[in-house]
Amino acid sequence: LAAVAGALAEHGAVMVLNEPGHVSFPAGALERSGVGDTRALLHGLLLLLYCGFIKYEVEDVPGVWMRTHGCHLLGLPDLAFHAEGHHQGQKMFDIFQSVLGHALNGGAELGAGHTMQVGQDVFLRLRAPSEEEGFLDSDGELFVAEMIGADQINRPR
């Protein structure tokens, strides 16, 4: 559908809307003209087009929650992270893009308790949301990512 949206942009389409992913994207950015490998372009847009990446400030909760929406439509869980502030947005976007892309293409399974290395010195553990984190409600599975040390990889919490 993203490729069709790009083709329609050549005929005046303005925007692509993915409501479950909470995402809108300019159709003109998907036009085929000047793009060598359309499939590679569309794959790189996982969190910009197919799944949304949203930042939330929750009342009485310091920091910023960052999470995905709509990943269940691709057979993936949504991911969330409680950040210190908005300045961590690009880093978490890149991490989520990498983790979800690997799961989508490499078949890696994501689940509560799983740990992973996502950068040279960046390690994560996934957990289920707590009862107090009801604002993270999702249409599918959702896991909260927490930063851990290298010594915590492959060890139960």
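As a convention, each chain's residues are numbered from 1 in the sequence order in which they are written. Confidence filtering applies because this is a predicted model: local features only for residues at pLDDT of at least 70, side-chain atom pairs given and counted only at 80 or more, and all residues used for totals across whole chains, interfaces and linings. The side-chain numbers reported here are obtained from all heavy atoms of the structure, hydrogens and water having been left aside.

## Here's the deal with the confidence of the model for the protein chain
Under the convention used in this document: What pLDDT reports is the predictor's confidence in each residue, on a scale of 0 through 100. Elements are defined by DSSP. Helices are runs of H or I of four residues or more, strands are runs of E of two residues or more, and each kind is numbered from the N terminus.
Confidence in the prediction for the protein chain averages 84 pLDDT; 85% of positions are at 70 or higher. The secondary-structure element of the protein chain with the lowest mean pLDDT is helix α2 (residues 38-43), recorded at 58, while strand β5 (residues 78-83) shows the highest, at 97.

## Concerning the environment of H102
Heads up, the condition is: Contacts are assigned to residue pairs with any non-hydrogen atoms lying within 4.5 Å of each other.
With respect to the secondary-structure elements, H102 resides in helix α4 (residues 89-106). When near neighbours in sequence (up to four residues on either side) are disregarded, H102 contacts G107 and A108.

## Quick look at the sheet that holds strand β3 (residues 52-56)
What counts here: Strand pairing requires that DSSP identify at least two bridges connecting the strands. Between the N-to-C directions of two axes lies an angle of 0 to 180 degrees, each axis being a line fitted to C-alpha atoms and, for a helix, fitted only over the stretch in contact.
Read across the sheet, six strands follow the order β3-β4-β5-β8-β7-β6 without closing on themselves; strand pairing throughout is mixed. A single partner strand is all that each edge strand has here, and the edge strands are β3 and β6 (115-119). Across the sheet, the mean angle separating the axes of adjacent strands is 30° when strand polarity is ignored. Note that β6 and strand β7 (residues 122-127) share four bridges and pair antiparallel. Bridge pairing links T115 to R125 in β7.

## A look at the pattern of salt bridges
Put simply, the test is: When a carboxyl oxygen of Asp or Glu is within 4 Å of a side-chain nitrogen of Lys or Arg, the pair counts as a salt bridge. For every residue, the accessible area obtained with a 1.4 Å probe (protein chains only) is divided by the maximum for its type, and the residue is called buried under 20%, exposed over 50%, and partly exposed between those limits.
On inspection of all chains with the given rule, the structure shows three salt bridges. One salt bridge connects D78 with R67, and the closest N-O pair in it is separated by 3.7 Å. With a gap of eleven residues between them, D78 in strand β5 and R67 in strand β4 (residues 64-69) connect regions that are remote in the sequence. On the basis of relative accessibility, which here comes to 2%, the residue R67 falls in the buried class. Notably, a salt bridge pairs R127 with E133, separated by 2.8 Å at the nearest N-O pair. Comparing R127 with E133 shows no difference in burial state: the two are buried. Members of the salt-bridge network, linked through shared partners, are R127, E133 and E146.

## Topic: the packing of aromatic side chains
We count it as follows: Stacked, edge-to-face and tilted are the three classes for Phe, Tyr and Trp ring pairs, Trp counted by its six-membered ring, which pair at centre distances within 6.5 Å; planes under 30 degrees apart are stacked, over 60 edge-to-face, the rest tilted.
Evaluation of the coordinates by the stated rule reveals three aromatic pairs. Pairing W65 with F135 gives two aromatic rings, centres 5.5 Å apart and planes at 65°, and the pair type is edge-to-face. Residue W65 is found in strand β4, and its partner F135 is found in the loop between β7 and β8 (142-148); the two are separated by 70 residues along the sequence. Look at W65 and you get buried, because its relative accessible area is 3%. Pairwise contacts between aromatic rings join F53, F93 and F96 into one cluster.

## Describing the side chain of R125
Our working rule: Charge assignment: positive for Lys and Arg, negative for Asp and Glu; neither His nor the chain ends contribute. The term polar contact refers here to a pair of N or O atoms within 3.5 Å; inside protein, the definition further demands a hydrogen-donor-capable atom paired with an acceptor-capable atom, and it admits residues adjacent in sequence only when both atoms are side-chain atoms.
The residue R125 is located in strand β7 in this model. Despite its burial, R125 pairs with no opposite charge, the nearest such side chain being E146 at 5.3 Å. Within the structure, the side chain of R125 is placed 3.4 Å from the backbone oxygen of Q152, a separation counted as a polar contact.

## Details of the pairing of β8
With respect to burial, β8 is a largely interior element, six of its seven residues being buried. As paired elements, β5 and β8 share three bridges and run parallel to each other. Each residue of the ladder has a partner; that of L79, found in β8, is F143. In this structure, β7 lies alongside β8, joined through five bridges in antiparallel fashion. Opposite R127, over in β8, you have V144 as the bridge partner.

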